[in-house]
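Survey of secondary and tertiary structure
This is what each chain is made of:
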Amino acid sequence: MALKSSVFIRRADRDDLDTVVAWMEDPAFQRFLYGDPTRSPKQIREQIVGMLGRSANHSMPGGIYFMADSAKLGPVGLFSVVNISWRNRSCNIDSYVSEKRRTGFFATIAFYRVLEYCFHELNMHRINIYIYGFNTRSWRNFELSGGKREIVLHEHVARDGKLYDMYGYGLLRSEFEELREFFKKKFKGIDLAHMIEDMKTTQQTEAAP
Amino acid sequence: MITGEYAVIRSAEPDDAPALWQLYDPSRPRSFLLGPQREIMIPTADELREMLGRRDLVQGTFFAVENKQGLVCGCCVLRGAKFESEYAEMVVAFGEDSEYVTPLAEEVFQFLLHMAFIEKKLNKLQAHCLCTEIAYREFLVARGFESDGVQRDMVYTRGRYFDLESFTLFHAAGLTRLRNREVEDAAAPA
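Heads up: these notes are all about the structure in this document. If you're wondering where the values come from, they're calculated on a predicted model, not measured in any experiment.

As for the interface of chain B and chain A
The interface is formed by 23 residues belonging to chain B together with 26 residues belonging to chain A. Buried area between chain B and chain A, both sides added, is near 2200 Å², and the carbon and sulfur share of it is 42%. One salt bridge in this structure joins A:Glu150 and B:Arg152, with 2.6 Å as the shortest N-O distance. Taken together, chain B and chain A are joined by 19 residue pairs in polar contact (both at pLDDT 80 or more). Elements that contribute at least two residues to the side of chain B that touches chain A include exactly strand 6 (124-130), strand 7 (146-157) and strand 8 (160-170) of chain B. Here the side of chain B that touches chain A gets nine residues from one element, more than from any other, and that element is strand 7 of chain B. Its residues assigned to classes, the side of chain B that touches chain A comprises eight nonpolar, seven polar and eight charged.

Now the structure itself:
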């Protein structure tokens, strides 16, 4: 099956601040990502400004932030590649998908492309994802992407006065390569190379008189 | 300072740096050496001295363990105690693996249990060990810790990857162990 999607990933920048701040109003954003009850909205906002405002320099970054975007649909979600360990060749991924785009393939395609970026551009060996037990949609999505649930931390996260489980997932490069072979056959067009080609074609079409 | 039958447990201080630095042995990868990003971190003796001088970091969390001969033979740590999550990570590290099966190790464990579950009223204690830390794993399992699972290829050092296993001991199980110990101590001949 050839997969055509208008969703592409790009580095997040300062122009995305208003979009991300608007997403902060979504209760899911705080519940699933920034749920520390002791942090004020101002502190969360400052953290996001710090993430998006980081200027490029010659040192290897400790975190990389991607917007999943679409010329047709507008911004779809935010993917944070954080806790990068260049020694262990591992990183963590946090993700947020806007409320309107949680159904359909948008998130899955963007997520697959972020995984491919981590393994094939950053040369990672392992990707960690920590997901709260009540965030069923996210952990199912990561399992579909080949992630293995390796640890279950019982009563680990406090939300609304209750303690919930947290799942620790891991995806090794060898597992991603297997998945990639499968996806290449099944969903031609999902990979980064096709994404770049599609973006070029769209730009040329738009520029044509 | 806690003076037990087998050990003296006290807040670590800068003068302990030379003795504690022996635990930071790069030829012997241990979970104790992992930093926040799960990378093996080996400070210099000077860096360790500086760290032990920071009272905000050390006070109430990092303890030196002396044996009855007055030698620092290890350390124990209770780190990251978070009020809202009600858990902390426990570390018990000795220079020699054989120390884990001694009464001194049990005394250190009882001290940490008391601090975690009676003083700080935590819900659970967490611990980690690399796949090569057989003695430490046995120490944890023998004291009621249950495995949460194994994270594969989590740590890279000395030319290979190591798996990292996580363990948990909940409040109720920890208190039971403390009470059982008190009963045993009371029953022991004076």
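Regarding the side chain of B:Gln126
Looking at where B:Gln126 falls in the secondary structure, it is placed in strand 6. Residue classification places B:Gln126 among the buried positions, given a relative accessible area of 6%. With near-sequence residues (within four places) excluded, B:Gln126 lies in contact with A:Leu153, A:His156, B:Tyr87, B:Ala88, B:Glu89, B:Met90, B:Phe145, B:Asp148, B:Phe167 and B:Thr168.

Remarks on the packing of helix 4 (residues 103-119) of chain B against helix 6 (residues 171-187) of chain B
Residue and element names in this part refer to chain B. Where helix 4 meets helix 6, the axes come as close as 10 Å, and the angle between the chain directions of the two elements is 130°. What the angle tells us is that helix 4 and helix 6 run oblique. The interaxial crossing formed by helix 4 with helix 6 has left-handed handedness. Of helix 6, the residues touching helix 4 (which contributes Glu-106, Phe-109, Gln-110, Leu-113, His-114, Phe-117 and Ile-118) are His-171, Gly-174, Leu-175, Arg-177, Leu-178 and Arg-181. For the contact of helix 4 with helix 6, the per-class residue count stands at six nonpolar, four polar and three charged.

Description of the environment of A:Asp15
Residue and element names in this part refer to chain A. Turning to its location among the elements, Asp-15 is positioned in the loop between strand 1 (7-11) and helix 1 (17-23). Judged by relative accessible area, Asp-15 falls into the exposed class, the value being 70%. Sequence separation between Asp-15 and Leu-52 is 37 residues, and the spatial gap between their C-alpha atoms is 8.5 Å.

Examining the packing of aromatic side chains
Scanning the entire structure with this criterion turns up 19 aromatic pairs over all chains. Considering the side-chain rings of A:Phe134 and A:Tyr164, the 4.8 Å spacing of their centres and the 75° angle between planes classify their relative orientation as edge-to-face. Linking A:Phe134 in the loop between strand 5 (126-132) and helix 5 (136-144) with A:Tyr164 in strand 7 (residues 162-172), this pair joins segments that are 30 residues apart in sequence. Residues A:Phe134 and A:Tyr164 agree in their burial class; the two are buried. Grouping aromatic residues by their ring pairs yields a cluster made of B:Phe94, B:Tyr100, B:Phe109, B:Tyr136, B:Phe139 and B:Phe145. Geometry around A:Tyr167 places A:Arg149 over its ring, the cationic atom sitting 3.8 Å from the centre. The ring of B:Phe162 is capped by B:Arg160, whose NZ or CZ atom sits 3.9 Å from the centre of that ring.

Cut-offs used in this document
- Residues numbered from 1 in each chain as written.
- Chains lettered and ligands numbered in written order.
- Predicted model: local features only at pLDDT ≥ 70, side-chain atom pairs only at ≥ 80, totals over all residues.
- Heavy atoms only, no water.
- Contact = heavy atoms within 4.5 Å.
- Buried area = accessible area lost by both parts, 1.4 Å probe.
- Salt bridge = Lys/Arg side-chain N within 4 Å of Asp/Glu carboxyl O.
- Polar contact = N/O pair within 3.5 Å; in protein donor to acceptor, adjacent residues only side chain to side chain.
- Helix = DSSP H or I, 4+ residues; strand = E, 2+ residues; numbered from the N terminus.
- Nonpolar A, V, L, I, M, F, W, Y, C, P; charged D, E, K, R; others polar.
- Buried < 20%, exposed > 50% of the residue type's maximum accessible area, 1.4 Å probe, protein only.
- Axes fitted to C-alpha atoms, helices over the stretch in contact; angles between N-to-C directions.
- Parallel < 35°, antiparallel > 145°, perpendicular 65-115°, else oblique.
- Left-handed = near helix turned anticlockwise from the far one by under 90°.
- Phe/Tyr/Trp six-rings, centres within 6.5 Å; stacked < 30°, edge-to-face > 60°.
- Lys NZ or Arg CZ within 6 Å of the ring centre and 35° of its normal.

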